[in-house]
Amino acid sequence: MGEIPPIRISNAPTSRLQRGFTLLEIIVVLVIIGIMVSFAVLQFGDEGEKQLKEETRRLELLVKLAREESILESSDYAIDFWQGGYSFYTLDEDEGKWGEITDDPTLRPREIPEYIELSIELEDQLIILEMEPPEKPQIFLLSSGEMTPFLLQLSVQDRDGLPKEISFDQLGRLNYEEQPD
């Protein structure tokens, strides 16, 4: 009869697929993830500052435009601000009420990004802005060319950067102060 060959048990190491990952491979993956996260954070920071500059410039130009239109049309305008945006108003002289401008593509109500915070000073007094539009406008642009002097600050939430400022005097002149970019 034939002899049954003995069963041989190997002490050879298991294949690479069954061992898992080496410490070096795990470190490389963590470094790659860290680099990707840092690029995402830097991109948001740059985007936030860029958006802040754009929003500041847009608002500055819209206030100038609304003031000029109020003079040209001999109609009083107004602006209200809240944490979510701002709206322009015109005075309906027949009813004596402020009506929001919604049909003008330039002076339409505007929303601002959630991460931009607004604060406004009127007559050296800080006005706390709510999350919803106020009941009545805060800034008045009169047909005579006069307006409510104000200082508006725009800043990125949870950032230590300097806020951007827009300041107009009673005659509608923009007060420029040197601000670092």
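Here the structure is a predicted model, which is why all the values come from computation and not from measurement. (Residues numbered from 1 in each chain as written. Predicted model: local features only at pLDDT ≥ 70, side-chain atom pairs only at ≥ 80, totals over all residues. Heavy atoms only, no water.)

Description of the pattern of salt bridges
So, step 1. Within the structure shown, the criterion is met by three salt bridges.
So, step 2. For Arg57, the salt bridge goes to Glu60, with nearest N and O atoms at 2.5 Å. Here the residue Arg57 and the residue Glu60 both occupy positions in helix H2 (residues 23–72), the gap between them amounting to three residues, near one helical turn.
So, step 3. The salt bridge involving Arg173 is made with Asp169; its shortest N-O contact spans 2.7 Å. (Salt bridge = Lys/Arg side-chain N within 4 Å of Asp/Glu carboxyl O. Helix = DSSP H or I, 4+ residues; strand = E, 2+ residues; numbered from the N terminus.)

A few points about the environment of Leu126
So, step 1. Mapped onto the elements of the fold, Leu126 is located in strand S6 (residues 125–127).
So, step 2. Filtering out sequence-adjacent residues up to four positions away, Leu126 remains in contact with Ser119, Ile120 and Glu121. (Contact = heavy atoms within 4.5 Å.)

Concerning the nonpolar core
So, step 1. The biggest cluster of nonpolar side chains holds 28 residues, and the ones touching the most others in it are Phe81, Phe88, Ile120, Ile139, Phe150, Leu152 and Ile166.
So, step 2. Elements with a minimum of two residues in this core: H2, strand S1 (77–82), strand S2 (85–92), strand S5 (116–122), strand S7 (139–141), strand S8 (150–156) and strand S9 (164–168).
So, step 3. Here the element with the most residues in this core is H2; it accounts for five residues.
So, step 4. When residues no more than four places from it in sequence are discounted, the contact partners of Phe150 are Val63, Ile120, Glu121, Leu122, Ile139, Ile166, Ser167 and Phe168. (Core = buried A, V, L, I, M, F, W, Y, C linked by side-chain atoms within 4.5 Å. Buried < 20%, exposed > 50% of the residue type's maximum accessible area, 1.4 Å probe, protein only.)

So, the sheet that holds S8
So, step 1. If you walk across this open sheet you meet the four strands as S6-S5-S8-S9, and the pairing is antiparallel. Whereas interior strands pair on both sides, the edge strands pair on one side only; in this sheet they are S6 and S9. Each neighbouring strand pair of the sheet contributes to a mean axis angle of 25°, computed without reference to strand direction.
So, step 2. For S8 and S9, the ladder comprises five bridges, and the chain directions are antiparallel. In the strand pairing of S9, Gln153 is matched with Glu165. (Pairing = 2+ DSSP bridges. Axes fitted to C-alpha atoms, helices over the stretch in contact; angles between N-to-C directions.)

Looking at a nonpolar patch on the surface
So, step 1. A cluster of nonpolar side chains, Phe21, Ile26, Val29, Leu30, Ile33 and Val37, forms an exposed patch at the surface whose accessible area comes to about 610 Å².
So, step 2. As for its position among the elements, Val29 is in helix H2. (Patch = residues over 30% accessible without salt bridge, like charges linked within 9 Å, V, L, I, M, F, W, Y side chains within 5 Å. Areas by Shrake-Rupley, 256 points an atom, 1.4 Å probe, with all protein chains shown as cover.)

Re the pairing of S5
So, step 1. Side-chain alternation along S5 places Ile116, Leu118, Ile120 and Leu122 on a buried face and Glu117, Ser119 and Glu121 on a face that remains uncovered.
So, step 2. For S5 and S8, the ladder comprises seven bridges, and the chain directions are antiparallel. Bridging across to S8, Ile120 finds its partner in Leu152.
So, step 3. Sheet topology places S5 next to S6; three bridges connect them, and they run antiparallel. Its bridge partner lying in S6, Ile120 is registered against Ile127.
So, step 4. Connecting the antiparallel pair S5 and S6 is a turn made up of two residues, with Glu123 showing a positive phi of about 50°.

Note that all results are geometric; they support no functional claim without further evidence.
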